[in-house]
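Inside the fold
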Amino acid sequence: MRCLVRLTAAQDQAYQPDYHAKLQGVLYALLDDAGYGFVHRESPFKFVTFSNIFPPSDMEKGDSRTWLIASPHEDLIKEVDRTLSSWHTINVGDLRYHVDSSTIFDITPDSQGCMETATPIIVRIPDWRCEEYGIDPEYDDVYWTHEHPTEAFQAEIEQNLASKYQSYYDESAPDRPYFAGLTPRRTVAVPVHYEDSEIQVIGTTWEFEYQTKTKELYRVIKLAFDAGIGELNTTGFGFVNEM
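Rules behind the numbers
- Residues numbered from 1 in each chain as written.
- Predicted model: local features only at pLDDT ≥ 70, side-chain atom pairs only at ≥ 80, totals over all residues.
- Heavy atoms only, no water.
- Pairing = 2+ DSSP bridges.
- Helix = DSSP H or I, 4+ residues; strand = E, 2+ residues; numbered from the N terminus.
- Contact = heavy atoms within 4.5 Å.
- Axes fitted to C-alpha atoms, helices over the stretch in contact; angles between N-to-C directions.
- 1 Å grid on protein atoms, 1.4 Å probe; cavity = no way out; pocket = protein on both sides within 12 Å on 5 of 7 lines; lining within 4 Å.
- Points joined across faces, edges and corners; volume = space filled by probe spheres on them.
- Nonpolar A, V, L, I, M, F, W, Y, C, P; charged D, E, K, R; others polar.
- Buried < 20%, exposed > 50% of the residue type's maximum accessible area, 1.4 Å probe, protein only.
- Arc of directions from axis to C-beta.
- Polar contact = N/O pair within 3.5 Å; in protein donor to acceptor, adjacent residues only side chain to side chain.

This part is about the sheet that holds strand 3 (residues 64-70). A sheet is described by the order of its strands in space; here five strands give the open sequence 2-3-1-5-4, paired in antiparallel fashion. The sheet terminates laterally at strand 2 (49-50) and strand 4 (89-92), the two strands that pair on one side only. Relative to strand 5 (residues 95-105), strand 4 runs antiparallel, the two sharing four bridges. Counterpart to T89 in the pairing with strand 5 is H98. Where helix 2 (residues 74-84) meets the sheet, its contacts fall on strand 1 (2-9), strand 3 and strand 5, and the angle it forms with strand 5 comes to roughly 135 degrees.

Here it is as structure tokens:
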């Protein structure tokens, strides 16, 4: 399920591509107010993700913007929507927005369809698993880029989805593959600023084709929409939309 938040720029302001940790802080504050502060401490998956504030461009005061929050936990999304009714502004670092309204909706995957990345997907392959993909690790972990085999990317994101499925449904995940087709777009380097450090992550953008031939495969694809693909979903990566 998703919560769509309509915002208005409270001032003239330049878009900041390194928004992730700041917007994550807004999400966690919102979850606290909604009675879901414990989600911050859940591991390995928090089952909540978010888009960037879009369109991603410089703003003049009064410009309209949109933010999406997603989770497979319907009650969480409903409480977030309810809580937003009492929020008048949000501050994402130096960026200020008025909260105009919010509404909830759901994505119901068809028997076959396509999805596309709204934010880059992060895949880090451990050095001990690089050899099976024919990747020479320069560091402990390797960020997958379009220079690496597509098979490695698909295997990693589908294993990640299988782990999410097992954690959320408490049952074994269905057999793979989960995606019938993958079309690459771009590789992007994204700075992520934390309070006392900055890291640069490498992500990729995609289009995916899927088929939901069984109830279990439907659940996998629904989790992709509701919880994100790949890693760092609660930092705003791996958010996908219907095409």
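That covers the picture; the talk isn't over yet.
So, about empty space enclosed by the protein. Scanning the entire structure with this criterion turns up one cavity of 30 Å³ or more. If you add up the space inside the largest cavity, you get close to 50 Å³. Taken together, Y15, Q16, Y19, L23, I53, V92, L95 and Y97 make up the lining of the largest cavity. Looking at the lining of the largest cavity, its residues break down into seven nonpolar, one polar and no charged.

Taken residue by residue, helix 2 has L76, I77, V80, D81, T83 and L84 as its buried positions. The buried residues of helix 2 occupy one face: seen down the axis, they fall within an arc of 165 degrees. On the buried face of helix 2, the contacting elements are strand 1, helix 1 (20-33), strand 3 and strand 5.

So, on to the side chain of T8. Within the element layout of this structure, T8 appears in strand 1. For T8, a relative accessible area of 15% gives the class buried. Side-chain polar atoms of T8 contact the side chain of D100, separated by 2.3 Å. Sequence-distant contacts of T8, defined by excluding residues within four places in its chain, comprise G62, D63, R96, Y97, H98 and D100.

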